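Residue-level listing of the chains:
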Amino acid sequence: MSVAGERPCDSPGLEPEFGPSALGTKKHWDAVYERELQIFQENGDAGEVWFGEESMIRLIRWMERQKIPLDSSVVDVGTGNGVLLVELAKCGYTNLTGIDYSPSAIQLSQNVIEKEGLSNIKLQVEDFLSPSDELSGFQICIDKGTFDAISLNPDNAAEKRRQYVRCLCTVLKMEGYFLITSCNWTKEELLNEFREGFEILEELPTPKLCFGGRIGSSVTALVFQRKK
Ligand SMILES: C[S@@+](CC[C@H](N)C(=O)[O-])C[C@H]1O[C@@H](n2cnc3c(N)ncnc32)[C@H](O)[C@@H]1O
């Protein structure tokens with residue numbers, strides 16, 4: 001499960017870039033979630049959870065260890081099928097919002113949430129790169145695979161990534177937490193992307209792969225805090 005694009009240039013000193021990919025476009029995600037919505041309507045299957053179940057458990061365990069109050073405002077950026085919101089609600093979190101720029105993803109999330117008998121989760125169709133005024137003051141912002149997708153945008157991805165950091169600063173409260181899970185960026189690269197305005201608090205352990213005698217992670221999960 002990866003939002004993989006080509007990496008034509010990884011040379012030291014140069015900005016890492018991925019090749020443009022359909023996975024960076026709204027058209028792609030609209031088509032994905034229209035299909036997933038249809039499948040849900042046929043057989044009730046919520047569809048793919050990016051990075052697997054353990055990626056949700058990892059985030060929720062961190063929130064529990066930190067004793068994040070259950071009424072903290074949490075936004076899931078690019079929520080997809082909304083399954084992470086369902087898991088958070090089942091663990092007792094009561095102030096949850098999911099956004100996605102794909103209306104079909106939001107419709108699917110709505111259906112998945114209703115099927116679970118949950119009702120007080122807010123869902124909004126929003127492009128995170130131009131958030132509405134409503135989308136502000138969150139204590140926790142979670143991104144699982146969305147920054148990866150935005151990084152693959154065929155239209156000036158570098159500017160889109162900078163825009164993402166600016167928008168994150170408007171959406172997240174001072175000293176709020178930003179939890180990101182990525183399969184396209186290493187820890188060092190993410191530290192560089194979020195160096196302005198954010199400091200790293202923790203790297204969450206992810207499964208390690210061994211290939212050609214080298215050990216590495218296929219997934220990076222970091223917790224940042226927005227600086228005062
Ligand atoms: C790789 S999927 C991850 C979905 C979900 N977070 C998960 O972990 O299963 C990326 C998601 O980001 C959404 N997305 C991409 N760019 C976005 C943007 N600019 N604003 C809001 N959502 C976006 C896509 O529609 C898709 O649902």
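Heads up: the structure comes first, above all this text.
Just so it is clear, the model here is predicted, and its values are computed rather than measured.

## Thoughts on the pairing of strand β1 (residues 74–77)
Across the two faces of β1 the burial is the same, with Val74 and Asp76 and Val75 and Val77 all buried. Considered for its hand, the β-α-β crossover made up of β1, helix α3 (residues 83–90) and strand β2 (residues 96–100) is right-handed. Pairing analysis gives four bridges linking β1 to strand β4 (residues 138–144), with the strands arranged parallel. Bridged to valine 75 within β4 is cysteine 141.

## A look at the pattern of salt bridges
Pairs can form between side chains of opposite charge whenever their charged atoms are close. On inspection of all chains with the given rule, the structure shows ten salt bridges. The salt bridge partner of lysine 187 is glutamate 203, with a shortest N-O separation of 3.7 Å. On the criterion of sequence distance, the pair formed by lysine 187 in helix α7 (residues 187–193) and glutamate 203 in strand β6 (residues 198–204) is long-range, its members being 16 residues apart. A residue is classified by how much of its surface remains accessible, and lysine 187, at 28% relative accessible area, is partly exposed. Salt bridges sharing partners connect three or more residues here, namely Glu159, Arg162 and Arg166.

## Let's talk about the site of the ligand
The full set close to the ligand counts 17 residues, and Gly78, Asp100, Asp127, Phe128 and Lys144 are the nearest of them. The contact in question runs from a nitrogen atom of the ligand to an N or O atom on the backbone of glycine 78, over 2.7 Å. In the environment of the ligand, an oxygen atom lies 2.6 Å from a nitrogen or oxygen atom belonging to the side chain of aspartate 100. A total of 590 Å² of accessible area belongs to the ligand in isolation, and the protein chains cover 98% of it. Every element with two or more residues in the shell around the ligand is listed here: α1 (26–43) and α5 (146–150). In terms of residue class, the shell around the ligand is made up of eight nonpolar, five polar and four charged.

## As for the side chain of glutamate 36
With respect to the helices and strands, the residue glutamate 36 is situated in helix α1. Buried charge without a partner: glutamate 36 forms no salt bridge, and the closest opposite charge is arginine 35, 5.6 Å away. In terms of polar contacts, glutamate 36 uses its side chain to reach the backbone amide nitrogen of glutamate 48, at 3.4 Å.

## Considerations on the nonpolar core
Ranked by size, the top nonpolar core spans 40 residues in total, and within it Met63, Leu88, Leu96, Ile142 and Leu179 carry the most contacts. Elements with a minimum of two residues in this core: α1, α2 (53–65), α3, α4 (103–115), β3 (121–125), β4 and β9 (220–226). The element that contributes the greatest number of residues to this core is α3, accounting for six residues. Among the nonpolar cores identified, the runner-up in size contains 24 residues, and Leu129, Leu135, Tyr164 and Cys167 belong to it.

## Some thoughts on the packing of aromatic side chains
Overall, the coordinates contain 14 aromatic pairs when judged by the stated rule. Both rings, one in phenylalanine 178 and one in phenylalanine 194, keep their centres 5.0 Å apart while their planes meet at 55°; by these two values the pair is tilted. Of this pair, phenylalanine 178 sits in strand β5 (residues 172–182) while phenylalanine 194 sits in the loop between α7 and β6, and the two are 16 residues apart along the sequence. Here phenylalanine 178 and phenylalanine 194 have matching classes, each one buried.

## Quick notes on the packing of α1 against α4
Where α1 contacts α4, the axes come no closer than 7 Å and their chain directions differ by 30°. In terms of axis orientation, α1 runs roughly parallel to α4. α1 and α4 meet at a crossing whose hand is left-handed. Residue-level inspection shows Lys26, Asp30, Tyr33, Glu34, Glu36, Leu37, Phe40 and Gln41 of α1 in contact with α4, the latter providing Pro103, Ser104, Ala105, Gln107, Leu108, Asn111, Val112 and Lys115. Across the contact of α1 with α4, the residue classes tally to seven nonpolar, four polar and five charged.

The rules behind these values
- Residues numbered from 1 in each chain as written.
- Predicted model: local features only at pLDDT ≥ 70, side-chain atom pairs only at ≥ 80, totals over all residues.
- Heavy atoms only, no water.
- Buried < 20%, exposed > 50% of the residue type's maximum accessible area, 1.4 Å probe, protein only.
- Helix = DSSP H or I, 4+ residues; strand = E, 2+ residues; numbered from the N terminus.
- Right-handed = clockwise from strand over helix to strand, strands pointing away.
- Pairing = 2+ DSSP bridges.
- Salt bridge = Lys/Arg side-chain N within 4 Å of Asp/Glu carboxyl O.
- Near = heavy atom within 4 Å.
- Polar contact = N/O pair within 3.5 Å; in protein donor to acceptor, adjacent residues only side chain to side chain.
- Areas by Shrake-Rupley, 256 points an atom, 1.4 Å probe, with all protein chains shown as cover.
- Nonpolar A, V, L, I, M, F, W, Y, C, P; charged D, E, K, R; others polar.
- Lys, Arg positive; Asp, Glu negative; His and termini not counted.
- Core = buried A, V, L, I, M, F, W, Y, C linked by side-chain atoms within 4.5 Å.
- Phe/Tyr/Trp six-rings, centres within 6.5 Å; stacked < 30°, edge-to-face > 60°.
- Axes fitted to C-alpha atoms, helices over the stretch in contact; angles between N-to-C directions.
- Parallel < 35°, antiparallel > 145°, perpendicular 65-115°, else oblique.
- Left-handed = near helix turned anticlockwise from the far one by under 90°.
- Contact = heavy atoms within 4.5 Å.

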